[in-house]
Amino acid sequence: MKPALPRRVVVVGAGFAGTMLSAHLVRAVAERAAGVSVTLLDASGGIGLGEAYRTVNPSHLLNVRARAMSAFPEAPDDFVQWLADRLGADAPGPDDFAPRMLYARYLRDRFDAAMALAPGALTRRTGAAVDIVPSAGGLRVWQADGHVLDADAVALCVGNAAAAPVTGTVAATADQPGWIVDPWAPDAFAQVAPTDPVLVLGTGLSMVDAILSLDDVGHRDPILALSRRGLVPTRHADRPEPPLPLAGPAPIGWSASRLVRHVRAALRDAQARGADWRPIVDGLRPITQDLWQGASLGDRARLLRHLRPIWDVHRHRIAPAAADRLDAIRAQGRLRIAAGRVVSLGPGTPDGFTLVWRPRGADRPQAWTSRIVVNCTGPASALEGGAHPLLQAIVRQGLARPDPLGLGIETGDGGAVIDASGRPSDRLFALGPPDRGRAWETTAVPDIRRQVAELAAWITGPR
Ligand SMILES: Cc1cc2nc3c(=O)[nH]c(=O)nc-3n(C[C@H](O)[C@H](O)[C@H](O)COP(=O)(O)OP(=O)(O)OC[C@H]3O[C@@H](n4cnc5c(N)ncnc54)[C@H](O)[C@@H]3O)c2cc1C
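Presented here is an overview of the structure given in this document.

### Looking at the overall build of the protein chain
Looking only at helices and strands, one finds 13 helices and 16 strands in the protein chain. Against the 2.2 N^0.38 benchmark of 23 Å for 463 residues, the protein chain shows a C-alpha radius of gyration of 23 Å, consistent with a compact globule. Reported as C-alpha extents along the three principal axes, the dimensions of the protein chain are approximately 65 × 55 × 50 Å. Going through the 463 residues of the protein chain one by one, you find that 51% of them count as buried. Split by element, the accessible area of the protein chain, about 20,800 Å² in all, is 54% carbon and sulfur. Averaging the coordinates of the 52 positive side-chain charges in the protein chain and doing the same for the 46 negative ones gives two points 5 Å apart.

Laid out in structure tokens, this is it:
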């Protein structure tokens, strides 16, 4: 028997995924008289902001060209059109990388437009969901303040976990003034003086934002940015080229080593022809989820261990304008990017931090003293420590179980959360980063928007 259509839907999280899922559901109420009432619950109270788009610094750019950032898979030009309508002649074009704060305004506009179609179909609440328990015929969502929401279906759109704690950090160091845990907070760098030594932990996309923010507040030098491999996101080409699919049949189901050899050969071939490598990486994108799902568990683990850092810096690239600024700051000697491990990090001096670190491949550790530390280590694994209390709670309840590689929670088709006994739920769904174990590439808008549209269509029927 097919499950009944849910009437009460609770969407937890109002970043990109939760905001757009809510918009789709409310549009279905207006356009097809879908009988759903939606409650949208977000810990921060924002709409469409989430980790990615809440920055108010115009230097923080999207890392995807505007033409690929429509919130709606069926209307690929929607964001570009919105930019043109809103900004006229000053609008970034389809191949430009718009400021992320503009993208937040776009999502908010699209959300508001959907709400206007069916006033009363959605209720907004501010607060953190801390637990979900089964109730008679449905699910009950507990908020931190004790409020409960009864639901027939719950969509977990909770994004990434908080930044991982830094191994080797002496207790209470992160509570000391000068430790910046949120590089996107509006006044995060206001306290930094031009010649304060700064340590940035991590050298990925968040590091790029942090360095640009430091530059914006007039910081001169020195900055040490440290990660295990010292890999920095690569830059997008100035002019986009179309993706280039691999020659021959898609290598789905191949072993990790055969797949890597195949891709390397294609990259070498491009190099020999004097062609760019980016179209080859982009050509993998439409089949990334199939490659991931076709790989054995052992091969997935190997890909994660050996290839993930390299994949991340080539696949998640930065806008040329951001790359130019980063290059200039490095060329001026203000920023050193290093590969190595933190041996210890503690208070050390009355108004600073002492880092002891071991450069990659070296025997002897080095010391560095800084007044500011910025944690750009990226999200913790969702089910470790206190990283994602709600996901941990539903695993404890048996409503979910970790995916075998610990990337998030295990899900089935359509993001259906799989419970402790292995059964996919028809009430509890996960979209975006928590679904990474199944789909791998579920972090960017072009991936999540499809999941969102499919789940909204499923929830509102027809069955
Ligand atoms: C800095 C940064 C830049 C990025 N830039 C791009 C880009 O340019 N292009 C692109 O395509 N992708 C980008 N991404 C990827 C980004 O993750 C996705 O685009 C998308 O924003 C993810 O949306 P989400 O809704 O899944 O998660 P998020 O946007 O992180 O939203 C999660 C929301 O859930 C809420 N929440 C979490 N837990 C709870 C709880 N227990 N109770 C209630 N509310 C809760 C949070 O408050 C938050 O609002 C970027 C990511 C980051 C971190």
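### Description of the pattern of salt bridges
Within this structure, the stated rule accounts for 28 salt bridges. Two residues, Arg140 and Asp150, come together in a salt bridge whose shortest N-O distance is 2.7 Å. Here Asp150 lies in strand β6 (residues 148-151) and Arg140 lies in strand β5 (residues 138-143), a separation of 10 residues in the sequence. Across the pair Arg317 and Asp282 runs a salt bridge, and its minimum N-O distance is 2.9 Å. One end of the pair, Arg317, is in the loop between α9 (297-315) and α10 (320-331); the other, Asp282, is in helix α7 (residues 278-284), and 35 residues separate them in sequence. Residue Asp282 is classed as partly exposed on the basis of its relative accessible area of 22%. What you see here is one network of salt bridges that share partners, running through Asp215, Asp216, Arg325 and Arg334.

### Thoughts on the sheet that holds strand β12 (residues 353-359)
Across the sheet, seven strands lie side by side as β8-β14-β9-β10-β11-β12-β13; this open sheet has mixed pairing. Of all the strands in the sheet, the pair left with one neighbour each is β8 (179-180) and β13 (366-370). With six bridges connecting them, strand β11 (residues 335-346) and β12 associate as antiparallel partners. Following the sheet pairing, Ser344 is matched in β12 by Val356.

Rules of the game
Residues numbered from 1 in each chain as written. Predicted model: local features only at pLDDT ≥ 70, side-chain atom pairs only at ≥ 80, totals over all residues. Heavy atoms only, no water. Helix = DSSP H or I, 4+ residues; strand = E, 2+ residues; numbered from the N terminus. Rg over C-alpha atoms; globule rule 2.2 N^0.38 Å. Buried < 20%, exposed > 50% of the residue type's maximum accessible area, 1.4 Å probe, protein only. Areas by Shrake-Rupley, 256 points an atom, 1.4 Å probe, with all protein chains shown as cover. Lys, Arg positive; Asp, Glu negative; His and termini not counted. Charge placed at Lys NZ, Arg CZ, Asp CG, Glu CD. Salt bridge = Lys/Arg side-chain N within 4 Å of Asp/Glu carboxyl O. Pairing = 2+ DSSP bridges.

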